[in-house]
Amino acid sequence: MKKIQIMDTSFRDGFQSVFGARALTDDFLPAVEAAVDAGIEHLEAGGGARFQSLFMYCGESAFSMMDRFREAAGPDARLQTLARGINVVALSAQPKDMIELHAKMFKKHGMTHIRNFDALNDVRNLVYSGQCIKNAGLHHQVVVTMMELPPGCTGAHDPDFYLRTLKEILDSGVPYDSVCFKDASGTANPAKVYETIRAARKLLGEDTDIWMHTHETAGIGVTQYKAAVEAGCDGVCLARAPLSGGTCQPDMISMWHALKGTDCFLDIDVTKILEANRVQEECFKDYFFPPEALKVSSEVILSPMPGGALTANTMMMRDTGTLHLYPKVIQAMSECIAKGGFGTSVTPVSQFYFQQAYANVTQGKWEKITDGYGKMVLGYFGRTPMPPDPEIVQIAEKQLGLKPFDGNPVDLLEPGIPKAQKILEAEGLPVTDENIFIIGALATPGGNTGLDFLKGHQPVKVRKKKSDSAPATDTSPSPAPSHAPATGASEPAAGPKGPVSLNYKVTVDGKTYEVTVEDETGDVTGITPADGPAPGPAVKEKSITEVKAPMPGNVYQILFGVGDKVTEGETLLILEAMKMETPVPSPVSGKIASIPVVKGQTVQTGEVLLTLEE
């Protein structure tokens, strides 16, 4: 009989798929120790969104987390992380020096394996990153990404496409130790999985380990794995309760049971796994489990949304009070995929799809091309599997002011280490390799959340259940950063401190009412008469112009102060939602009269951000 290798993904993909990657290290280390005691030798320990989330939502350094994970797992455990090709653990493409630094830093902090994928299946994006992983002495698992196309779409994401991609990987000369087929949305038809793995086995021979990774989101994860194993797969990714099933990986014990009566098996002691599960359940007994993370969501078959992105996005929608828009956004995402060139719905492309769908729903269809989606269709992240829709390319070119690009994305980028060093020196922060990488990986067009963290702004937004005596909370005291002392005043943690309430103005028979609705339940909790009309676009009253939020989001940057003079079209502040930054321009020239919002505040569409006096 053939023993199927397993990697326990509870502590990375499980966190991402249930909590939007927001899990505190102190809370889960006992579960790591219990997993190792149960005989689990291969664990996913970081990377992907778990790198960003620790700085942005947990008030922790990802490097400190990896150190503590290694200590809890012991010296012999195989600890694996996830990398996004030339993006490594950032949402934007990184220059060569940062890609090399990524591999060195993850090796330094106890990791042994890196799974390396490119969402566009552009093999050029895997070559340099893969070489850096191998040079650092790490196991390089190269990836072909999979999904099901929306109905009516053809031309990619079939067995022939995946085999061509694999042949390109082999022809490129990129060094690798194993191969993985990764279906982040859990939507690939099991028959397609079987045909793909069977063809890959014939191409690779018997000496190369082939892995399969999927999610249970669409309810077919175990079936996909059985098809992969029957076709010759050597290893699968599994998770354990309460971080299995739903948007997570298939459950370890369920897969063990599914292989009974076949010529393959999982080498686990079920009694010990159950005991480790009980420890894990105790660790997370106070955490809020979003209902959408616990169910089968068959709609993703028509509009593939990765399990690891689904709850990350719904968590952010809870933060901004827009969860009620999720059904419309997930429906709009299908068109974004169809017109975007069929990049695989996995980070960062899945986020590009969702951001664009969110913008289409909140600001009008294609009225705003988001930065990531626009650059993707223009070629700045690599070649999409199929040419994007020409009309969308033209709109993106016009809005972003960029020409289409067909070269190698990594060649566009200037070295990142010197830039990061200058920022650290200017801020009086220690110039360490860790801090350099934090600055580079967390830079955005409107700011740098890595710099904010190192300067002491460490918001903790981890949702936990409310008790009889206290409301549900998503904020808690923030520890000091592990790799640099705080310099300057620490800012208060941003975000709501309980269930989010949505406020609407509803006009009935000419009378306007303020209506308050609880986000997560939909219950109407208040109706009061309103004195004025419902919010609308920026309006001018006398000599005062109100600048209102064009969309829901968080105030990310305020670029001016009261009394400053600004010109028409100048960016006044930046809103952030769904990891997407939206500049708010000045509608007129004038002087800033008031700023009724603060950095980190959540605002809704139509809410006054500042006022201008002409």
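As shown above, the structure is provided for reference.
In what follows, the accompanying structure is described. (Residues numbered from 1 in each chain as written. Predicted model: local features only at pLDDT ≥ 70, side-chain atom pairs only at ≥ 80, totals over all residues. Heavy atoms only, no water.)

1. Focus on the packing of aromatic side chains
Step number 1: Applying the stated criterion across every chain yields a total of 24 aromatic pairs.
Step number 2: Residues F51 and F63 carry aromatic rings whose centres are separated by 5.6 Å and whose planes lie at 75° to one another, so their mutual orientation is edge-to-face. Pair noted here: F51 is in helix α3 (residues 49-56) and F63 is in helix α4 (residues 62-73), with a separation of twelve residues, a long-range link.
Step number 3: We classify F51 as buried; its relative accessible area is 1%.
Step number 4: With relative accessibility at 0%, the residue F63 sits in the buried group.
Step number 5: Relative to F437, the ring of F51 lies with its centre 5.5 Å away and its plane at 80°, an arrangement referred to as edge-to-face. In this pair, F51 is assigned in helix α3 and F437 in helix α18 (residues 433-441), connecting sequence segments 386 residues apart.
Step number 6: Residue F437 is classed as buried on the basis of its relative accessible area of 0%. (Phe/Tyr/Trp six-rings, centres within 6.5 Å; stacked < 30°, edge-to-face > 60°. Helix = DSSP H or I, 4+ residues; strand = E, 2+ residues; numbered from the N terminus. Buried < 20%, exposed > 50% of the residue type's maximum accessible area, 1.4 Å probe, protein only.)

2. Some remarks on the environment of E299
Step number 1: The topology assignment puts E299 in the loop between α11 (270-283) and α12 (307-319).
Step number 2: With relative accessibility at 35%, the residue E299 sits in the partly exposed group.
Step number 3: Once the C-alpha coordinates of E299 and P327 are considered, the two residues, 28 residues apart in sequence, prove to be 9.8 Å apart.

3. Some words on the pattern of salt bridges
Step number 1: Scanning the entire structure with this criterion turns up 26 salt bridges.
Step number 2: Across the pair D8 and R240 runs a salt bridge whose closest N-O atoms are separated by 2.7 Å. One end of the pair, D8, is in strand β2 (residues 5-8); the other, R240, is in the loop between β9 (235-238) and α10 (252-258), with 232 residues separating them in the sequence. Per residue, the accessibility class of D8 equals that of R240, and both read buried.
Step number 3: Here R201 ties to D234 by a salt bridge, and the two come within 2.5 Å at their closest N and O atoms. Taken as a pair, R201 in helix α8 (residues 190-204) and D234 in the loop between α9 (221-231) and β9 lie far apart in primary sequence, 33 residues in all. Judged on exposure class, the residue R201 and its partner D234 are both buried.
Step number 4: Connected via shared salt-bridge partners are K2, R201 and D234. (Salt bridge = Lys/Arg side-chain N within 4 Å of Asp/Glu carboxyl O.)

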